[in-house]
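Below are the chains, spelled out letter by letter.
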Amino acid sequence: MNTESAALQPDASIRTIGEGYAERFGFSMPNRSIVKTSQGLTEETVRAISKTKDEPEWMLRFRLRALHLFQTLPMPTWGANLSQLEFGSMTYYSKPTESAQNSWDALPLDIKSTYERLGVPEAERKFLAGVGAQYDSEMVYHNIREDLKKKGILFSDVETAVREHPDLVKRFFGTVVPPDDNKFAALNSAVWSGGSFVYVPPGVHVDIPLQAYFRVNSQAFGQFERTLIIADEGSFVHYIEGCTAPVFSKDSLHSAVVEIIALPNSRIRYSTVQNWSSNMYNLVTKRAFAYDNAIMEWVDGNIGSKVTMKYPAIFLMGPGARGEVLSIAFAGNGQEQDTGAKIFHFASNTSSVITSKSISKDGGTASYRGLVKVEAGLTNIKSKVECDALILDPHSRSNTYPTMDIRSEQATMEHEAKVSKISEEQLFYLMSRGLSEEEAAIMIVNGFIDPLVKELPMEYAVELNRLIELEMEGSVG
Amino acid sequence: MSGTILETLKVSSRENANDVAALLFPAHSKSSDLKRLDIVISSPASETLTGAQQEPLEPAKYEQYREIAIELEAEAEAAVLVRFWAAESASQDRLASEPVRMQAPRLPRSKNLDTSGSLRFTTSLHIRLAAHARLNLSVLSNLPSSFSREALSHAILGEGAVLTWTNVVFDEGNGLYTTRIELEGEGSELNFAGAYGARCTTEGEHVLSIHHTAPHGKSRTILKSALKDSAHLAFRGLIHVENTARGTDAYLANRNLVLEDGARAESFPQLKIETDDVACSHGATTGGPRQEELFYLMSRGLDRAAAKNMLVLGHLGSVLNRLPSDLAEEMESIAASALGLDEQGSCI
């Protein structure tokens, strides 16, 4: 196959990443799901999902309680426009193959070719860590390198963890994001399927980033993955989540819940590059608890989707904890990126930094919505928020809605935001050096997002720069 | 366009409102003196109170309502001071202008604002600047805790108009202050500075929205506050740049000084930008007095309280110093007493 041999060339694949969504990712494989629930969400659907997964009674009860909450909780009255979202016409679960595979060759051909076009095998060849690739809602491909296993690191899908480590799951599951947190967290809690479970034992340093490549295939199919990461005392882990989805004509919903627990002296970094197709509602609840002297870092890139509402949160629970959020959003034609960060200071000697960059173009809307809260009676608190926005044409919009709520005398809180277009002087300088206007604009935009890009592993950085270049094509002149 | 705003006001005035206090500066007039406007509110007579308690009346009839209008015609230049007084704090000899007195009956509890046990005082300030008019406006308010405030202000700036506004609020009662400024004319300019102080259980919310609808407008806004005890101030500062306002240059800053644990400063600066050719930014900082600065002042022989006071006055000073010097001094002493800088634990 021509496409297959082309995909095997690493250079070729990097060059073509993100090129024209419809041609490259807009392929829809024939639907060969084994189990697929009927459309709409009822108690039967939830029981069916739980039964298929052969879950213990406590998980079923958790799901049913969450379903009740989902039906009673109101839709958010703020943020992006969600009026076109139809909960009734979605399929809540489909299972592609009978059981998860850990060998690449054993995968069905069409699923394999989907991944090859996404470049997963290359990623593996580049000695990346275990790849948990999510096709529809089940882990179908899972590979943990032997050295991870030897160190006692648990990295699996959440279903496996429920079976094999019920004590750990029971202790932490739903404690960071309880089902009654918001409507979408309740929805996820009721119908969750797939997602990653990571446990790092005390003192263990995971040298290589753990990755899961998520993939949504069936039309009008909500993907409700649930990720739970626990870093035990003094450990370190970097988890990477990347998303691409094929183009479908009907709106799709992605509503994930990510729960992170950084126990004392540990450090967790969670990186995401989200590139959903432009008909996707991406409504995600991500939250981390950082205990004494722990460090939590969110690195968040939002390129795709129709509507994104995502505000990674950090609760600084113990003295000396530190939180950092780095995010970029790119809002193109018809897109609404409503992103930001939330930091809660609950202990003394804690600090936080939020750096947010957004670019809006072709009538897109990029909004920063954030919160920093400092409780009374705490000492030595530092927080810094910086929001920069670039608007590339007169029809695009940029909004900034930060909230700062400070009740302590011993706190220092700074917030700075600016919105501007690409500076004429910078363009002029680059053009005087022989670049075309378009090349100059791309270089400036790539420089603008550089603080985030340099925090990503190389493959992601290359992909992100390439995506920005593609998004920028034909935008000048 | 002369008189338009005054006529609109006369039509819209509520039945129980006192006469509209209006200042009109004709075209090309240059007045170098500061025009003073003293608005005095007095406590209700006891019979008014009894009457109000006996039969429930429409809230509108309870409200003490005051409208003030300032209009500058084309190329007029003026300086105006609007000052809100409570009768007990305003002795006749301190007033610069003929005071407008009004009775304030007790109000039922409002939903938006806790006015229980206090007198509700609502003011509405309208400002219109025609092409190339320049106004230097100071608005001062320090009402005792027996009054709750609801203040609405609305300013419209014509082509090339310049509005310099200094707003000083040390009200001890709860208050909701809403200000909307529209830069409607090309190349108009706003320079707004506010100083706010609160202590004890005072709650105040300051909503300031700056709308740029015409090209090449410029706005500079700074809001500074100091808070003590369990006071709670919230600042909502919006810069809204519409698609038609290309070349806008806007900045809004909010600096809050939290002097004691338990005092609460909330800051909601917002940017809504609908076109690309702009330079818009905002900044917000909240924090306590810096330990290094306190230590330095104390090493020079000041006690802790005096050092703190000096830092507070330094913080608010950049706004207060925009006032004429006699007023600036008076405001400093008002700030000191309103924040209870010279006393300890005086909240009841």
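Model, not experiment: these values are computed from the prediction.

Reading guide: rules and limits
- Residues numbered from 1 in each chain as written.
- Chains lettered and ligands numbered in written order.
- Predicted model: local features only at pLDDT ≥ 70, side-chain atom pairs only at ≥ 80, totals over all residues.
- Heavy atoms only, no water.
- Helix = DSSP H or I, 4+ residues; strand = E, 2+ residues; numbered from the N terminus.
- Buried < 20%, exposed > 50% of the residue type's maximum accessible area, 1.4 Å probe, protein only.
- Contact = heavy atoms within 4.5 Å.
- Areas by Shrake-Rupley, 256 points an atom, 1.4 Å probe, with all protein chains shown as cover.
- Polar contact = N/O pair within 3.5 Å; in protein donor to acceptor, adjacent residues only side chain to side chain.
- Buried area = accessible area lost by both parts, 1.4 Å probe.
- Salt bridge = Lys/Arg side-chain N within 4 Å of Asp/Glu carboxyl O.
- Core = buried A, V, L, I, M, F, W, Y, C linked by side-chain atoms within 4.5 Å.
- pLDDT = per-residue confidence, 0-100.
- 1 Å grid on protein atoms, 1.4 Å probe; cavity = no way out; pocket = protein on both sides within 12 Å on 5 of 7 lines; lining within 4 Å.
- Points joined across faces, edges and corners; volume = space filled by probe spheres on them.
- Nonpolar A, V, L, I, M, F, W, Y, C, P; charged D, E, K, R; others polar.
- Axes fitted to C-alpha atoms, helices over the stretch in contact; angles between N-to-C directions.
- Left-handed = near helix turned anticlockwise from the far one by under 90°.
- Pairing = 2+ DSSP bridges.
- Phe/Tyr/Trp six-rings, centres within 6.5 Å; stacked < 30°, edge-to-face > 60°.
- Lys NZ or Arg CZ within 6 Å of the ring centre and 35° of its normal.

A. Representation of the overall build of chain A within the structure. Across its full length, chain A carries 15 helices and 23 strands. In chain A, which comprises 477 residues, the proportion classed as buried is 63%. In chain A, once contacts between residues fewer than 6 apart in sequence are set aside, the share between residues at least 24 apart is 84%. When the accessible surface of chain A is split by element, carbon and sulfur atoms take 51% of a total near 17600 Å².

B. Broad picture of the overall build of chain B. Secondary structure summary: chain B contains 6 helices and 17 strands in total. Within the span of chain B, comprising 348 residues, buried residues form 56% of the whole. The contacts in chain B between residues at least 6 apart in sequence include a share of 85% that link residues at least 24 apart. Accessible area for chain B stands at about 14400 Å²; split by element, carbon and sulfur atoms hold 48% of it.

C. Examining helix α11 (residues 183-191) of chain A more closely. Residue and element names in this part refer to chain A. A large share of α11 lies buried, amounting to 9 of its 9 residues. For α11, the elements touching its buried residues are α4 (43-52), α5 (57-72), β8 (226-231), β10 (252-254), β11 (257-262) and β13 (280-290). If you check the start of α11, you find a side-chain oxygen 2.8 Å away from the backbone N of phenylalanine 184, and it comes from asparagine 182.

D. A look at the interface of chain A and chain B. Taken together, the contact between chain A and chain B spans 34 residues of the former and 37 residues of the latter. Where chain A abuts chain B, roughly 2700 Å² becomes buried across the two surfaces, and 45% of that area is made up of carbon and sulfur atoms. The largest share of the area that chain A buries against chain B comes from A:Pro394, A:Met404 and A:Glu409, three residues that together contribute 21% of it. Seen at the junction of chain A and chain B, the total is 4 salt bridges. Notably, a salt bridge pairs A:Glu409 with B:Lys308, separated by 3.8 Å at the nearest N-O pair. Applying the counting rule to chain A against chain B returns 18 residue pairs in polar contact (both at pLDDT 80 or more).

E. Expanded view of the nonpolar core. Membership of the largest hydrophobic core comes to 104 residues, with the highest contact counts inside it found for B:Ile70, B:Val82, B:Leu135, B:Leu137 and B:Trp165. Membership of the second largest hydrophobic core comes to 29 residues, among which are A:Ile240, A:Phe330, A:Ile442 and A:Val453.

F. Region of interest: the confidence of the model for chain B. All names here are of chain B. A residue-level look at chain B finds 76% of positions with pLDDT of 70 or above and a mean pLDDT of 82. Every residue in residues 1-17 is under pLDDT 50, and counting partners more than four places away or in other chains gives 28 contacts. In this model, residues 45-62 is a region of pLDDT below 50 whose contacts with residues beyond four sequence positions or in other chains number 18 contacts. Two summary scores accompany this predicted model of the complex, namely pTM at 0.81 and ipTM at 0.78.

G. Local environment of the pattern of salt bridges. Within the structure shown, the criterion is met by 32 salt bridges over all chains. With a closest N to O distance of 2.7 Å, A:Asp405 and B:Arg264 form a salt bridge. Of this pair, A:Asp405 sits in strand β22 (residues 397-406) while B:Arg264 sits in strand β16 (residues 264-273), placing the two residues on different chains. Within the structure, one salt-bridge network assembled from shared partners comprises A:Arg267, A:Arg269, A:Glu297 and A:Glu455.

H. Structural detail: the environment of B:Ala27. Residues and elements named next belong to chain B. Mapped onto the secondary structure, alanine 27 falls in the loop between β1 (21-25) and β2 (30-42). Classification of alanine 27 by relative accessible area gives partly exposed; the value is 35%. Sequence separation between alanine 27 and leucine 72 is 45 residues; the distance between their C-alpha atoms is 7.2 Å. Apart from the residues lying within four places of it in its own chain, the contact partners of alanine 27 are Glu73 and Ala74.

I. Focus on the side chain of B:Asn167. Examined against the element boundaries, B:Asn167 turns out to sit in strand β9 (residues 162-169). Once residues within four sequence positions are removed from consideration, B:Asn167 is found in contact with B:Val139, B:Phe192, B:Ala193, B:Gly194, B:Ala195 and B:Tyr196.

J. Geometry of empty space enclosed by the protein. All names here are of chain B. Tallied over the full model, the rule gives 8 cavities of 30 Å³ or more. Taken as a whole, the largest cavity encloses approximately 210 Å³ of empty space. For the largest cavity, the lining is made up of 23 residues, of which Ala151, Ser153, Asn167, Tyr177 and Thr179 are closest to its centre. Looking at the lining of the largest cavity, the elements with two or more residues in it are β6 (119-129), β7 (134-141), β8 (147-157), β9, β10 (175-183), β11 (189-198) and β12 (203-212). Element by element, the count of residues in the lining of the largest cavity is highest for β8, at 4 residues. Residue composition of the lining of the largest cavity, by class: 14 nonpolar, 8 polar and 1 charged. By volume, the second largest cavity amounts to about 70 Å³.

K. The packing of α5(A) against α11(A), seen in detail. Residues and elements named next belong to chain A. Running from N to C, α5 and α11 point in directions that differ by 150°, and their axes come no closer than 7 Å. Two packed elements cross with a definite hand, and for α5 against α11 that hand is left-handed. On α11, the residues touching Phe62, Arg63, Ala66, Leu67, Leu69 and Phe70 of α5 are Lys183, Ala186, Leu187, Ser189, Ala190 and Val191. When its residues are assigned to classes, the contact of α5 with α11 shows 9 nonpolar, 1 polar and 2 charged.

L. Molecular detail of the environment of A:Asp292. Residues and elements named next belong to chain A. When you line up the elements, aspartate 292 lands in the loop between β13 and β14 (295-302). Spatially, the C-alpha atom of aspartate 292 lies 24 Å from that of phenylalanine 155, the residues being 137 residues apart in sequence. Among residues more than four places away in sequence, those in contact with aspartate 292 are Pro264, Asn265, Gly318 and Pro319.

M. Layout of the pairing of strand β19 (residues 351-360) of chain A. Residue and element names in this part refer to chain A. Among the 10 residues of β19, 8 are classified as buried, and the element is accordingly described as predominantly covered. Relative to β19, strand β17 (residues 322-331) runs parallel, the two sharing 10 bridges. Along β19, the bridge assignment pairs phenylalanine 330 with isoleucine 359. Sheet topology places β19 next to strand β21 (residues 381-391); 10 bridges connect them, and they run parallel. If you follow serine 352 over to β21, its bridge partner there is serine 383.

N. Examining the packing of aromatic side chains more closely. Per the counting criterion, the structure on display carries 14 aromatic pairs over all chains. Measuring from ring centre to ring centre gives 5.1 Å for A:Tyr239 and A:Tyr270, while their planes differ by 35°; the resulting arrangement is tilted. Of this pair, A:Tyr239 sits in strand β9 (residues 236-244) while A:Tyr270 sits in strand β12 (residues 267-275); the two residues are 31 residues apart in sequence, bridging distant segments of the chain. The pair A:Tyr239 / A:Tyr270 is uniform in exposure class, with both members buried. Residues A:Phe344 and A:Phe346 carry aromatic rings whose centres are separated by 5.9 Å and whose planes lie at 10° to one another, so their mutual orientation is stacked. For A:Phe344, a relative accessible area of 15% corresponds to the buried category. Take A:Phe346: its relative accessible area is 34%, and that puts it in the partly exposed class. Through successive ring pairs, a cluster of aromatic residues spans A:Phe289, A:Tyr291, A:Phe315, A:Phe344 and A:Phe346. The ring of B:Phe84 carries B:Arg149 above its face, with NZ or CZ at 4.3 Å from the centroid.

O. Structural context of the confidence of the model for chain A. All names here are of chain A. Per-residue confidence for chain A averages 80 on the pLDDT scale, and 74% of its residues sit at or above 70. Model confidence for chain A, summarised as mean pLDDT per element, is weakest for helix α1 (residues 2-8) at 39 and strongest for strand β16 (residues 313-316) at 97. In the model, residues 97-101 has pLDDT below 50 throughout and makes 13 contacts with residues more than four positions away in sequence or in other chains. Considering only residues more than four positions removed or in separate chains, one finds that residues 214-221, a stretch of pLDDT under 50, has 59 contacts.

P. Quick look at unusual backbone geometry. The backbone of A:Asn293 shows a phi angle near 55°, a positive value even though the residue is not glycine. A:Asn293 gets classed as partly exposed once you look at its relative accessible area, which sits at 43%.

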